[in-house]
Amino acid sequence: MEYIYFMAPVLTFAMTAAITPGPNNIILSTNAVNYGFKKTVPLMMGVFFGFLSILTLCLLGIGELYQSFPAIAAIVKTVATCFLVYLSFRIFFSSSFSDGGNSKKFSFMDIYFFQIINPKAMTVSMSSSAVFIQNKFSYQIEFTLIFICFVISTSTSAIAWAAIGHSFRKYLNDKKKIIMFNRIMAILLLSSISFIIL
């Protein structure tokens, strides 16, 4: 029962952070619209394993190094900004469903390594490490409980956003609609740069 009391606020935070719009969710939803749910699964796995890798490093104390060296933080923010601009550009100029093999799709590795510079992922992971490691139980138990909460939230969010994107496919059945959708999502993705600047 004590573990449940410990996990309740962690899971609430994790679900709120995971389900709200951010770079990962926008990318998953847009990819599902363009390629379908099945072809978005590798990206979902990239988000899942990538974010949990970052969370693990932060829970092990790496996040403190990131905060202690402003130069590293500045480099990561610069790279993240450039990458998000690049992704936004690609999505903005995508003009049709891409079921063929001619267009380059995002891969598992693209999204996995994106988590290293994903500002939302870094912020959530470092906040979790700072706030929820409370020494109420052993470090190993608290680590495990926090990790479980984020396994639940990350997988749930990834599936939900990909499913939302996939459900839009039947409504976006002509070129004008898909262009409009992609441009809206590109602008939303570009706006997520505010997570980096602010």
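It should be noted that the structure appears before, not after, this text.
Computed from a predicted structure; not experimentally measured. (Residues numbered from 1 in each chain as written. Predicted model: local features only at pLDDT ≥ 70, side-chain atom pairs only at ≥ 80, totals over all residues. Heavy atoms only, no water.)

(A) Structural view of the packing of helix α2 (residues 23–35) against helix α6 (residues 108–117). Closest axis-to-axis distance for the α2/α6 pair is 11 Å, and the angle between their directions is 160°. Of the possible angle classes, the one that applies to α2 and α6 is roughly antiparallel. In this structure, α2 crosses over α6, and the sense of that crossing is right-handed. Taking contact as the criterion, the partners of P23, N24 and I27 in α2 are, on α6, I111, F114 and Q115. Partitioning the contact of α2 with α6 into residue classes produces 4 nonpolar, 2 polar and no charged. (Axes fitted to C-alpha atoms, helices over the stretch in contact; angles between N-to-C directions. Helix = DSSP H or I, 4+ residues; strand = E, 2+ residues; numbered from the N terminus. Parallel < 35°, antiparallel > 145°, perpendicular 65-115°, else oblique. Left-handed = near helix turned anticlockwise from the far one by under 90°. Contact = heavy atoms within 4.5 Å. Nonpolar A, V, L, I, M, F, W, Y, C, P; charged D, E, K, R; others polar.)

(B) Just a nonpolar patch on the surface, in detail. Taken together, the side chains of M1, I4 and Y5 define a hydrophobic patch exposed on the protein surface, amounting to about 410 Å² of accessible area. Assignment of secondary structure puts M1 in the segment before α1 (2–19). A relative accessible area of 67% places M1 in the exposed class. (Patch = residues over 30% accessible without salt bridge, like charges linked within 9 Å, V, L, I, M, F, W, Y side chains within 5 Å. Areas by Shrake-Rupley, 256 points an atom, 1.4 Å probe, with all protein chains shown as cover. Salt bridge = Lys/Arg side-chain N within 4 Å of Asp/Glu carboxyl O. Buried < 20%, exposed > 50% of the residue type's maximum accessible area, 1.4 Å probe, protein only.)

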